[in-house]
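Remarks on the overall topology
Next come the chains, spelled out residue by residue.
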Amino acid sequence: MEKQSPQDDIKTNPPCHPRACAIQDCLTRNGYDEAKCTKFVDALYECCKAFYEKNGDDATTVSCPKAHLLRLKMEQRKGNR
């Protein structure tokens, strides 16, 4: 998969979908070991963050958690490093 910026991926339909698919592909390749796919989860969250920054917290896409949950998950991930 060609590396795109979050701004490119928010233009896809649905927004951020390529990044959500990349997580699933990684999990499948790695026997569903989530620890091996953290960079893909981080990439999805960065895309979702850009999506909400552009469209507001009330926007929706099936590829992203709700804005308030996204912020919580990103904070939790930062604390785990």
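The structure contained in this document is the topic of the report that follows. All of these numbers come straight from a predicted model, not from anything done at the bench.

Rules of the game
- Residues numbered from 1 in each chain as written.
- Predicted model: local features only at pLDDT ≥ 70, side-chain atom pairs only at ≥ 80, totals over all residues.
- Heavy atoms only, no water.
- Phe/Tyr/Trp six-rings, centres within 6.5 Å; stacked < 30°, edge-to-face > 60°.
- Buried < 20%, exposed > 50% of the residue type's maximum accessible area, 1.4 Å probe, protein only.
- Disulfide = S-S within 2.5 Å.
- Helix = DSSP H or I, 4+ residues; strand = E, 2+ residues; numbered from the N terminus.
- Salt bridge = Lys/Arg side-chain N within 4 Å of Asp/Glu carboxyl O.
- Axes fitted to C-alpha atoms, helices over the stretch in contact; angles between N-to-C directions.
- Parallel < 35°, antiparallel > 145°, perpendicular 65-115°, else oblique.
- Contact = heavy atoms within 4.5 Å.
- Nonpolar A, V, L, I, M, F, W, Y, C, P; charged D, E, K, R; others polar.

Moving on to the packing of aromatic side chains. Summed over all chains, the structure comprises one aromatic pair. With 5.2 Å between their ring centres and 70° between their planes, Phe 51 and Tyr 52 make a pair best called edge-to-face. Each member of the pair, Phe 51 as well as Tyr 52, carries the same accessibility label: buried.

What follows covers the state of the cysteines. Per the stated rule, a full pass over the model turns up three disulfides. Between Cys 48 and Cys 64 runs a disulfide, and the two sulfur atoms are separated by 2.0 Å. Between Cys 48 and Cys 64 the disulfide shows an S-S torsion of about -90°. By sign, it is left-handed. Of this pair, Cys 48 sits in helix 3 (residues 38–55) while Cys 64 sits in the loop between helix 3 and helix 4 (67–79), placing them 16 residues apart in sequence. Cys 48 sits in the buried class, given a relative accessible area of 0%. Judged by its relative accessible area of 11%, Cys 64 is buried. Sequence-ordered numbering of the bonded cysteines in the chain gives a disulfide pattern of 1-4, 2-3, 5-6. With no disulfide of its own, Cys 21 lies 11 Å from the sulfur of Cys 16, the closest cysteine sulfur.

Let us look at the pattern of salt bridges. Applying the stated criterion to the full structure yields five salt bridges. Ionic pairing is found between Lys 49 and Glu 53, a salt bridge with its closest N-O pair at 3.9 Å. Here Lys 49 and its partner Glu 53 are both found in helix 3, four residues apart, which amounts to about one turn of the helix. Look at Lys 49 and you get partly exposed, because its relative accessible area is 36%.

Moving on, we come to the packing of helix 2 (residues 17–29) against helix 3. As a packed pair, helix 2 and helix 3 sit with axes 9 Å apart at the nearest point and diverge in direction by 170°. In terms of orientation, helix 2 lies roughly antiparallel with respect to helix 3. For the pair helix 2 and helix 3, contact is made by Arg 19, Ala 20, Ala 22, Ile 23, Cys 26 and Arg 29 and by Phe 40, Val 41, Ala 43, Leu 44 and Cys 47, respectively. Grouping the constituent residues of the contact of helix 2 with helix 3 by class yields nine nonpolar, no polar and two charged.

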